[in-house]
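Descriptive analysis of the structure
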Amino acid sequence: MNVEAFQEAVVASGLIDPQRARKLWTQADASTAEALADWLAAHGHLTRFQADNLLRGKVGKFFVADYEIRDFLGRGGMGNVFLAVDHRIGEVRALKILPADLRSKDRSVRRFEREMAVSRRLSHPGLTQAYEAGVAEGVPFLAMEYVPGDTLYRRIRRGSLATVSQAACWIAQVADAL
């Protein structure tokens, strides 16, 4: 991708308005799309996730309803989870989205809708709070509390296992939440 194509992708994405973008292009003085992406990410105008996706030609994937997708957090059986900002209130959320390949499968859509309905009714200190569930432009989503930190799955994969007493504490917390 050349610089001009990347600039067009940035503006088309809606992440930076055209007037502001023109000023940024001058400030960045980048000779390659990659250099411009790096500059925009380093100066906080895009996240690294956004810059990398734009370089790959993914333009229309950064907004769902009132949420701006900032980063990828993880993948589960029923959805992909992203770090997002709710532009109505400026708060960070975890945004679970049903992947495009599952949206055409009635069974998957029904399972995701059940998960959305159940999540909104649950309230427990051991569970993330669900704030909003809906469908925006054909994309089912669930906006949840974002809890920073590492996942148990990643810790196990890294080999940084807990002590037996810590593992027992975690199991007790999960059991209590269930």
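Thresholds applied
- Residues numbered from 1 in each chain as written.
- Predicted model: local features only at pLDDT ≥ 70, side-chain atom pairs only at ≥ 80, totals over all residues.
- Heavy atoms only, no water.
- Helix = DSSP H or I, 4+ residues; strand = E, 2+ residues; numbered from the N terminus.
- Buried < 20%, exposed > 50% of the residue type's maximum accessible area, 1.4 Å probe, protein only.
- Contact = heavy atoms within 4.5 Å.
- 1 Å grid on protein atoms, 1.4 Å probe; cavity = no way out; pocket = protein on both sides within 12 Å on 5 of 7 lines; lining within 4 Å.
- Points joined across faces, edges and corners; volume = space filled by probe spheres on them.
- Nonpolar A, V, L, I, M, F, W, Y, C, P; charged D, E, K, R; others polar.
- Core = buried A, V, L, I, M, F, W, Y, C linked by side-chain atoms within 4.5 Å.
- Salt bridge = Lys/Arg side-chain N within 4 Å of Asp/Glu carboxyl O.
- pLDDT = per-residue confidence, 0-100.
- Pairing = 2+ DSSP bridges.
- Phe/Tyr/Trp six-rings, centres within 6.5 Å; stacked < 30°, edge-to-face > 60°.

With that settled, consider the environment of Leu 40. Structurally, the position occupied by Leu 40 is in helix H3 (residues 33-42). On the accessibility criterion, Leu 40 (0% relative accessible area) is buried. A C-alpha to C-alpha distance of 43 Å links Leu 40 and Cys 169, two positions 129 residues apart in sequence. Setting aside residues no more than four positions away along its own chain, Leu 40 makes contact with Phe 6, Val 10, Ile 16, Leu 24, Trp 25, His 45 and Leu 46.

As a further point, take the layout of surface pockets. In this structure, the largest pocket spans a volume of roughly 1,600 Å³. Lining the largest pocket are 35 residues, and of these Gly 126, Thr 128, Asp 150, Thr 151 and Leu 152 lie nearest its centre. Take the lining of the largest pocket: its biggest share by element is six residues, from helix H8 (residues 164-177). Residue lining of the second largest pocket: 22 residues in total, with Lys 61, Ile 69, Phe 82, Ile 97 and Arg 103 positioned closest to the centre. Those elements giving two or more residues to the lining of the second largest pocket turn out to be helix H4 (48-55), strand E1 (63-64), strand E2 (67-75), strand E3 (80-86) and helix H5 (100-103). A class-by-class count of the residues in the lining of the second largest pocket yields 13 nonpolar, three polar and six charged.

In this section: the nonpolar core. When a protein is soluble and globular, its nonpolar side chains tend to lie buried together. Judged by nonpolar contacts, the single largest core of 32 residues is most densely connected at Phe 6, Leu 40, Leu 46 and Leu 95. Sorting the residues of this core by element identifies helix H1 (3-13), helix H2 (18-28), H3, H4, E2, E3, strand E4 (91-97) and strand E6 (139-145) as the ones contributing at least two each. With six residues, H3 is the single largest residue contributor to this core. The contact partners of Leu 46, leaving out residues within four places of it in the chain, are Phe 6, Val 10, Leu 15, Ile 16, Leu 40, Ala 41, Ala 51 and Leu 54.

Here the idea is simple: oppositely charged side chains can pair when their charged atoms come close. One pass over the full model with this rule turns up seven salt bridges. A salt bridge links Arg 70 to Glu 68; the shortest N-O distance between them is 3.4 Å. Arg 70 sits in the partly exposed class, given a relative accessible area of 24%. The exposure class assigned to Glu 68 is buried, which follows from its relative accessible area of 11%. A salt bridge links Arg 93 to Glu 91; its shortest N-O distance comes to 3.0 Å. For Arg 93, a relative accessible area of 7% gives the class buried.

The next point concerns the confidence of the model for the protein chain. Predicted confidence across the protein chain gives a mean pLDDT of 86, with 97% of residues reaching 70 or more. Between the elements of the protein chain, mean pLDDT differs from a low of 75, seen in helix H7 (residues 152-158), to a high of 96, seen in H4.

For a regular strand, side-chain orientation follows a simple rule: the groups alternate between the two sheet faces. Across the seven residues that make up E4, a large majority, five, are buried. Hairpin connection from E3 to E4: four residues lie between these consecutive antiparallel strands, with Gly 90 at a positive phi of about 75°. For E4 and E6, the ladder comprises five bridges, and the chain directions are antiparallel. By the bridge assignment for E6, Ile 97 is matched with Phe 141.

Counted according to the given criterion, the structure contains three aromatic pairs. With a centroid separation of 6.1 Å and an interplanar angle of 55°, the aromatic rings of Phe 49 and Phe 82 are classed as tilted. In this pair, Phe 49 sits in helix H4 while Phe 82 sits in strand E3, placing the two residues 33 residues apart along the sequence. Residues Phe 49 and Phe 82 agree in their burial class; the two are buried. A connected cluster of aromatic rings, assembled from ring pairs, spans Phe 49, Phe 72 and Phe 82.

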